[in-house]
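Chain residues, written in single-letter form:
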Amino acid sequence: MKEALRYYFSMKPRVLSGIQPTGNLHIGNYLGALKNWVRLQHDYECVFCIVDLHAITVYQDPAELRAKIDQTAALFLAAGIDPAISSIVVQSTVPAHAELCWLLTCVTPLGWLERMTQFKDKAAKQESVGDGLLQYPVLMAADILLYQARVVPVGEDQTQHLELTRDIAQRFNSLYGETFVMPETKLPAVGARIMGLDDPTKKMSKSETGAYHAVGLLDPPDLIRRKIMRATTDSLPGVDFDNLGPGVQNLLTIFQAFTGWTDEQVRSHFAGMRYGELKKTVAEAVVAGLEPIQQRYREITSEPGYLKRVLRESAERVAPIANSTVRLVKERMGIYTD
Ligand code: TRP
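Residues take numbers from 1 onward in each chain, read along the sequence in its written order. Since the coordinates come from a predicted model, pLDDT governs what is reported: local features require at least 70, and pairs of side-chain atoms require 80 or more to be given and counted, while whole-chain, interface and lining totals use all residues. Note that water and hydrogens are dropped before the side-chain values are worked out from all heavy atoms of the structure.

Enquirer: Explanation requested: the pattern of salt bridges in the structure shown.
Expert: Oppositely charged side chains may form a pair once their charged atoms are brought near each other. The working definition used for a salt bridge is a side-chain nitrogen of Lys or Arg within 4 Å of a carboxyl oxygen of Asp or Glu. Per the counting criterion, the structure on display carries 10 salt bridges. The salt bridge involving Asp222 is made with Arg225; its shortest N-O contact spans 3.1 Å. Here Arg225 and Asp222 lie together in helix 10 (residues 221-229), a separation of three residues that amounts to about one turn. Buried, partly exposed and exposed residues are distinguished by accessible area as a fraction of the type maximum, computed with a 1.4 Å probe on protein chains only: under 20%, between the cut-offs, and over 50%, respectively. The class for Arg225 is partly exposed, based on a relative accessible area of 28%. For Glu316, the salt bridge is made with Arg312, and the minimal N-O distance between the two is 3.9 Å. Note that Glu316 and Arg312 are positioned in helix 14 (residues 306-333) at a spacing of four residues, about one turn of the helix. A relative accessible area of 48% means that Arg312 is categorised as partly exposed. Secondary structure elements are defined from DSSP: runs of H or I of at least 4 residues count as helices, runs of E of at least 2 residues count as strands, and each element is numbered from the N terminus.

Enquirer: How should the site of the ligand be read in this particular structure?
Expert: The immediate surroundings of the ligand are formed by 13 residues, with Tyr136, Met140, Asp143, Val154 and Gln158 found nearest. Residues adjacent in sequence count toward polar contacts only when both atoms are side-chain atoms; beyond that, a polar contact is any pair of N or O atoms within 3.5 Å, and within protein one must be able to donate a hydrogen and the other to accept it. Within the side chain of Asp143, an N or O atom sits 2.7 Å from a nitrogen atom of the ligand. In this structure, Gln158 approaches the ligand through a side-chain N or O atom, which is 3.0 Å from a nitrogen atom. Only the protein chains shown count as cover for residues, and all accessible areas are computed by the Shrake-Rupley method using a 1.4 Å probe. Coverage of the ligand by the protein amounts to 89% of the 370 Å² it exposes when considered alone. Residue assignment for the shell around the ligand shows that the elements contributing at least two residues are strand 1 (14-19) and helix 8 (131-146). Ranked by residues supplied to the shell around the ligand, first place goes to helix 8 with four residues. Proximity is defined per residue: if any heavy atom of the residue lies within 4 Å of a molecule or strand, that residue is considered near it.

Structure, rendered in structure tokens:
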């Protein structure tokens, strides 16, 4: 009861973000997003969504998807999301997400959706393009507007979707009267941008399938070492801070993000170091940095019923907020609510 009260009466601005339960969460997700979320939860009221309804906009193996939902939730907890102060919500367990999505779809011009670059990219890769792929950003707008979230920490690749969210909110507000809080486009100071180990010109991505592309948060130490030893660098003999290639830069960014070393410490320690030695040092920092997360993950997943309880409690905590937004939207639109 006390927890619930603390939540409802909190005056902190609300933060909402989401991750699809597909692929394997990796150190790029951790250093770029999760770690930042863990920090934010003390200053904001946070809702972190596992967006399973977004995941199925492209075909997912059902058993695998179901397992990934649990795994993602357990990794949120293992990374330090505290379920006493933040909510970890599986999107599909709060039906208001899908409901608001439909209501917003009706005020969203088709042209806005056809212009989305992510839609165009994804559609080009599909033989047959499902309607869900086109509606994807409307569902994301629903996730955000449902909780009247002010701050939405996302990567740069999501800024177009965030702008669309504002456009939809604005259009709704002007058609039906002030209803939605405008999410800020300004992103809070985001974490490190981690690049692929096999190709340091591309952001580390969950959908990239190369065996040496990313270090998974649950990779065992030996695999972590092997992946980092294989990382693409360049043809210089060792670390030259006046001439840093993207691969070496990426390894140093990873090291610094895990250890918290200052620029000066990194410079004086790594200057002139041969790449083999650099990689060994980085690998050990990653192994050490992931060890406590993996330990907590094992604890969380070995406690019967714990995860389920956290997800249920989070859903119960946010549902009243989500339902009251849907009710207000329906009233504004003249939909039956009695
Ligand atoms: N589209 C986001 C991504 O792929 C995931 C997402 C869905 C999201 N709903 C959201 C992010 C709401 C922030 C807020 O990264």
